[in-house]
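Below, each chain spelled out in residue letters.
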Amino acid sequence: MSIRKYQEAPFDPELFRQDGHKIIDILSDYLKEVVNRPDTPVLPWTDPEELAERYAESYRRGNEEPFIEYISEALERSNHLHHPRYIGHQVTSPLPHVALAQLCTTLLNNGAAVYEMGPVAMAMERNLVRLFSGMIGYDDNADGIFTHGGSAGNLTAMLAVRQVKSPYNVWEEGIKKELKTGFIVTDQSHYSVARNVKIMGLGNDALIKVPYDKCYRMRTDLLEKYYERALQKGISVAAVIANSCSTATGSYDDLMAIADFCERYNLWLHVDGAHGMGVLFSDKYRHLIRGIERADSIVIDFHKMLLIPGLNSMVLFRDGRQSYETFAQKASYLFKKQTENEWYNSAKRTLECTKSSLGFVAFTAFKYYNRDYFGNYIDSRYDLAKRFTEMVRERNNFEAALEPQANIVCFRYNSGGLDTEELNRLNAAIRDIIIKEGKFYIVQTELEEILWLRVTIINPLTTEEDMQLLLKVIEETASSIH
Ligand SMILES: Cc1ncc(COP(=O)(O)O)c(C=O)c1O
């Protein structure tokens, strides 16, 4: 086939069909290979400059390079999240059929800013908002909206907090220095929370950081003290942001205690459930979010623990009317009625204007995979994290930072005789070697100046044997360094 055809007939359905079939074959073979734990690396490591130069060359070759070869090579060079030894960051190995739905949405390119541009996605979003509101235990007043990611979801909720809790229209009039909205958090909150405060122009003292306990959960016994202190500094404390669960260690804050506190002082409770809200599907682990129905707003990332390709997040509001308050802004070319709360025109409620068909993609997952499927998935990953921690503790040359509540484990190699700095260097070097050899993809995190290796057991195909092998590979790597 002449390469130039791509340009001559860009919308030729037959050309699309031919290459499309080939791409599906390539992707199916790719899946077959990676799920079988090949010797090929999880992440085929190339230095950033070198890879950028390869793509500079690729660009120079232009469309003389066959499309299929170009795609195959890009797949090969990518990080293979479906590989059972991918246990790194909190990004899922998506369900392949849901990825097919996403492919359709990409070609359709229906935006979800206004109903007319993406009617199907909006209708599906609506149903998912109802489904999740029901699972949370909200009543019919609840409402919600999809965003591209949890960071944007947290910002959407935080803007709503400020708008609802301010004694004047802050959206229209801007921030008044003497009325600075404050958010109670911990140092374990996701960095998007601190970043959002800065984006909102509130500055550092708007973040009231309550200490956390030895399991990295908010010290609810100190809430009152920090609240009073912030008031004395002139901060208008508006909300508590709780983790369900935290990013670094997967720790779930005590929502009941926090909700009681919020009720007492008429504060908003926002729950960052970007990672951990999958327990909604689990009979065994749902207790970790006891009290969730008392939250004013919740963020859920479907591209983390719900096997959906990213970015795909939902923000729920217990009182749905509050989701409309922030972005009350005139855009008459988009909306006919400015004053009505139209759920189907999503741009009225988010930062984003054009938005991809997130509802379509997520709906596909929850339509074809039932509650038990997701429940079993969550149980098996959380159970395996606990089992892995036992395996770590059974060995005298490893230690775990804490007992995991979720599917995130922080641990390190420590055969004794090294000080903290030496151990930090050793563990960082171990990770560096392992990921560059491609045997596993794991990450690292720092807690109280100690560097921990960190795994998120997110891939449904990762087994206990894989986790045993990880410890063996770490031991071997450590002895090769010593
Ligand atoms: C608790 C928590 N909140 C928010 C986020 C940000 O989500 P996203 O990457 O979808 O923007 C993360 C990401 O890891 C997270 O762990």
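From a predicted model like this one, the values you see are computed outputs, not experimental measurements. (Residues numbered from 1 in each chain as written. Predicted model: local features only at pLDDT ≥ 70, side-chain atom pairs only at ≥ 80, totals over all residues. Heavy atoms only, no water.)

Considering the sheet that holds strand S1 (residues 143-147)
Strand order in this open sheet of 7 strands is S1-S7-S6-S5-S4-S2-S3, and the pairing throughout is mixed. In the strand order of this sheet, the two ends are held by S1 and strand S3 (207-209), each with one partner. Each strand axis lies, on average, 25° off the axis of its neighbour in the sheet, ignoring direction. Summarising the sheet, strand S6 (residues 297-301) and strand S7 (residues 313-317) pair through 5 bridges and their orientation is antiparallel. By the bridge assignment, isoleucine 298 is partnered in S7 with leucine 316. On top of the sheet, helix H11 (residues 255-265) reaches strand S2 (180-185), strand S4 (235-243) and strand S5 (268-273); it is set at about 155° to S5, its chief contact. (Pairing = 2+ DSSP bridges. Helix = DSSP H or I, 4+ residues; strand = E, 2+ residues; numbered from the N terminus. Axes fitted to C-alpha atoms, helices over the stretch in contact; angles between N-to-C directions. Contact = heavy atoms within 4.5 Å.)

Comments concerning the sheet that holds strand S8 (residues 398-400)
Across the sheet, 4 strands lie side by side as S8-S9-S11-S10; this open sheet has antiparallel pairing. Looking at which strands have only one partner, the edges of the open sheet turn out to be S8 and strand S10 (443-447). Between one strand axis and the next, the sheet turns through 40° on average, direction left out of account. In the sheet, S8 pairs with strand S9 (residues 408-413) via 3 bridges, with the strands oriented antiparallel.

With respect to the site of the ligand
Close to the ligand lie 13 residues, the nearest being Gly150, Ser151, Thr247, Asp272 and Asp301. Measuring from an oxygen atom of the ligand, one finds a backbone N or O atom of glycine 150 at 2.7 Å. When contributions to the shell around the ligand are tallied by element, the ones reaching two or more residues are helix H7 (150-165) and helix H12 (302-305). Among the elements that take part in the shell around the ligand, H7 stands out by supplying 3 residues, more than any other. Its residues assigned to classes, the shell around the ligand comprises 2 nonpolar, 8 polar and 3 charged. (Near = heavy atom within 4 Å. Polar contact = N/O pair within 3.5 Å; in protein donor to acceptor, adjacent residues only side chain to side chain. Nonpolar A, V, L, I, M, F, W, Y, C, P; charged D, E, K, R; others polar.)

With respect to the pattern of salt bridges
By the definition in use, this model includes 32 salt bridges. For glutamate 394, the salt bridge identified is with arginine 387, shortest N-O distance 3.4 Å. Bridged by salt links that share partners, the residues Arg387, Glu390, Glu394 and Glu464 form one connected network. (Salt bridge = Lys/Arg side-chain N within 4 Å of Asp/Glu carboxyl O.)

Here's the deal with the environment of alanine 347
With respect to the secondary-structure elements, alanine 347 resides in the loop between S7 and helix H13 (358-368). By relative accessible area, alanine 347 is classed as buried at 15%. Considering only alpha carbons, one finds alanine 347 and isoleucine 145, 202 residues apart in sequence, at a separation of 9.6 Å. (Buried < 20%, exposed > 50% of the residue type's maximum accessible area, 1.4 Å probe, protein only.)

Topic: the nonpolar core
Core analysis: the biggest nonpolar cluster contains 94 residues, and Ile184, Phe302, Phe366, Phe388, Phe411, Val455 and Leu470 have the highest contact counts within it. No other element matches helix H14 (residues 371-394), which puts 9 residues into this core. Ignoring anything within four residues of it in the chain, the contact list for isoleucine 184 reads Ile208, Val210, Met218, Leu223, Tyr227, Val237, Ala239, Val240, Ile241 and Phe261. Membership of the second largest hydrophobic core comes to 24 residues, among which are Ala160, Leu207, Ala238 and Phe317. (Core = buried A, V, L, I, M, F, W, Y, C linked by side-chain atoms within 4.5 Å.)

Brief notes about the domain arrangement of the protein
In terms of domain boundaries, the protein breaks down into domain 1 (5-80) and domain 2 (104-371). Computed from C-alpha coordinates alone, the two centres of domain 1 and domain 2 are separated by 37 Å. (Domains from an automatic or database assignment.)

Points about the environment of glutamate 49
Tracing the backbone shows glutamate 49 in helix H3 (residues 48-61). Distance from glutamate 49 to glutamine 232, taken between C-alpha atoms, is 51 Å for residues 183 residues apart in sequence.

Comments concerning the pairing of S6
In terms of burial, S6 is largely enclosed, as 5 of its 5 residues are buried. Here S6 shows two buried faces, one formed by Ser297, Val299 and Asp301 and the other by Ile298 and Ile300. Judged from the 4 bridges that link them, S5 and S6 form a sheet pairing that is parallel. Within S6, the position partnered with histidine 270 by the bridge is serine 297.

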